[in-house]
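Chain by chain, the residues run as shown.
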Amino acid sequence: MCKIKAVIFDMDGVIIDSEPIHIEIEKKLIKKMGIELDSKQHESYIGMTMEALWEQIRSDFKLNYSVEELVENHKKEVYNYLASSALPLFPNIKNLILESKQNNLETAVASSSPKKIIELVVNKLDINCFFDYLISGEQVQKSKPYPDIFLQTAKQLRVSPNQCLVIEDSSNGVKAAKAAEMKCIGFQNPNSGNQDLSVADFIINSKDEVTLKEIINI
Ligand SMILES: O=P(O)(O)OC[C@H]1O[C@@H](O)[C@H](O)[C@@H](O)[C@@H]1O
């Protein structure tokens, strides 16, 4: 296998333990539309962009609102919540970010969240300086589970996909990383719901204290 040259971090559910926040806000917004989703349906949307989520719900439930209106409203709710709350950073992931930089690896955040929200999070946590590139699902055509976001990240970092390691907590994210032919660590986070990470190359638990050396050959 090619030597790893870049580590790509998912944000929600990996850098911060935010999927419970997303689930609560989405449940509230979906309920307002008079729709009830069971948790299995809801878990299947985790890791997808807001656009992909509302396109799906709008077409399944024949909603009259435009996707743009639904997304705008959703973005505002999430932004306001995260701007006014303490952010639950995973310390073990922060260590992996620092270790990546100490080993001169390229680093990126590749998140389905809107760019404005990614910037809010990395600035609030004061970790922006550790990343060479931040990319949002808004900047590519197809949401995770398609590989677009990871392929675009590799292109931007000027490394080939098989030199990238992705850390992901959702089934959609792990599928996207493997579809991009990257090495993928599944980050099993019970707060991200019941996520099937079986296609990942290696699975770690969100509580595990692992070093980068233990998971890749650097
Ligand atoms: O790609 P990431 O960082 O895991 O982001 C996923 C999240 O992105 C958000 O925009 C969605 O509203 C969430 O439902 C979703 O889970």
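Parameters and conventions
- Residues numbered from 1 in each chain as written.
- Predicted model: local features only at pLDDT ≥ 70, side-chain atom pairs only at ≥ 80, totals over all residues.
- Heavy atoms only, no water.
- Near = heavy atom within 4 Å.
- Polar contact = N/O pair within 3.5 Å; in protein donor to acceptor, adjacent residues only side chain to side chain.
- Areas by Shrake-Rupley, 256 points an atom, 1.4 Å probe, with all protein chains shown as cover.
- Axes fitted to C-alpha atoms, helices over the stretch in contact; angles between N-to-C directions.
- Helix = DSSP H or I, 4+ residues; strand = E, 2+ residues; numbered from the N terminus.
- Parallel < 35°, antiparallel > 145°, perpendicular 65-115°, else oblique.
- Left-handed = near helix turned anticlockwise from the far one by under 90°.
- Contact = heavy atoms within 4.5 Å.
- Nonpolar A, V, L, I, M, F, W, Y, C, P; charged D, E, K, R; others polar.
- Core = buried A, V, L, I, M, F, W, Y, C linked by side-chain atoms within 4.5 Å.
- Buried < 20%, exposed > 50% of the residue type's maximum accessible area, 1.4 Å probe, protein only.
- Domains from an automatic or database assignment.
- Buried area = accessible area lost by both parts, 1.4 Å probe.
- 1 Å grid on protein atoms, 1.4 Å probe; cavity = no way out; pocket = protein on both sides within 12 Å on 5 of 7 lines; lining within 4 Å.
- Points joined across faces, edges and corners; volume = space filled by probe spheres on them.

For the rest of this paragraph, the subject is the site of the ligand. The environment of the ligand is made up of 16 residues, and the closest members are D10, E26, S111, S112 and K144. A distance of 2.5 Å separates an oxygen atom of the ligand from a polar atom in the side chain of E26. Contact between the ligand and G47: an oxygen atom at 3.1 Å from a main-chain N or O atom of the residue. Summarising the interface, the protein chains cover 100% of the accessible area of the ligand, which totals 390 Å² for the free molecule.

One way to put it is that helix α3 (residues 50–61) packs onto helix α4 (residues 67–83) with a least axis distance of 9 Å and a crossing angle of 130°. Judged by the inter-axis angle, α3 sits oblique to α4. Crossing of α3 against α4: the hand is right-handed. Of α4, the residues touching α3 (which contributes M50, E51, W54, E55 and R58) are V67, L70, V71, H74, K75 and V78. Counted by class, the contact of α3 with α4 contains six nonpolar, one polar and four charged residues.

One finds F9, I15, W54, I57, I93, F131 and I167 to be the most contacted residues of the largest nonpolar core, which totals 51 residues. Counting residues in each nonpolar core, the second largest holds 22 residues, with I8, L157, V174 and A180 among its members.

Residue pairs three or four apart in sequence face the same way in an α-helix, which turns once every 3.6 residues. Considered for burial, the residues of helix α8 (residues 171–179) that qualify are S171, N172, G173, V174, A176 and A177. Buried positions along α8 lie against α2 (39–44), α7 (148–157), β4 (164–168) and β5 (183–188). In the segment just after α8, E181 is the residue with positive phi, at about 65°.

A separate point is the domain arrangement of the protein. How large an interface is tends to be reported as the accessible area lost when its parts come together. As assigned here, the protein comprises domain 1 (6–17 + 88–215) and domain 2 (19–83). The centre of domain 1, based on its C-alpha atoms, is set 22 Å off from the matching centre of domain 2. The interface is formed by 23 residues belonging to domain 1 together with 18 residues belonging to domain 2. Summed over both sides, the interface of domain 1 with domain 2 buries roughly 1,700 Å², with 60% coming from carbon and sulfur. Of all residues in domain 1, I117, L120 and N172 give up the largest surface area on contact with domain 2, accounting jointly for 24% of the area buried on that side.

For the rest of this paragraph, the subject is empty space enclosed by the protein. Counting across every chain of the model gives one cavity of 30 Å³ or more. Estimated volume of the largest cavity: approximately 220 Å³. Forming the boundary of the largest cavity are 21 residues, of which D12, E19, H22, G47 and M48 lie nearest the centre. The dominant element in the lining of the largest cavity, judged by the number of residues it contributes, is helix α1 (residues 19–32), at four residues. Looking at the lining of the largest cavity, its residues break down into seven nonpolar, eight polar and six charged. Both domain 1 (6–17 + 88–215) and domain 2 (19–83) contribute no fewer than three residues apiece to the lining of the largest cavity.

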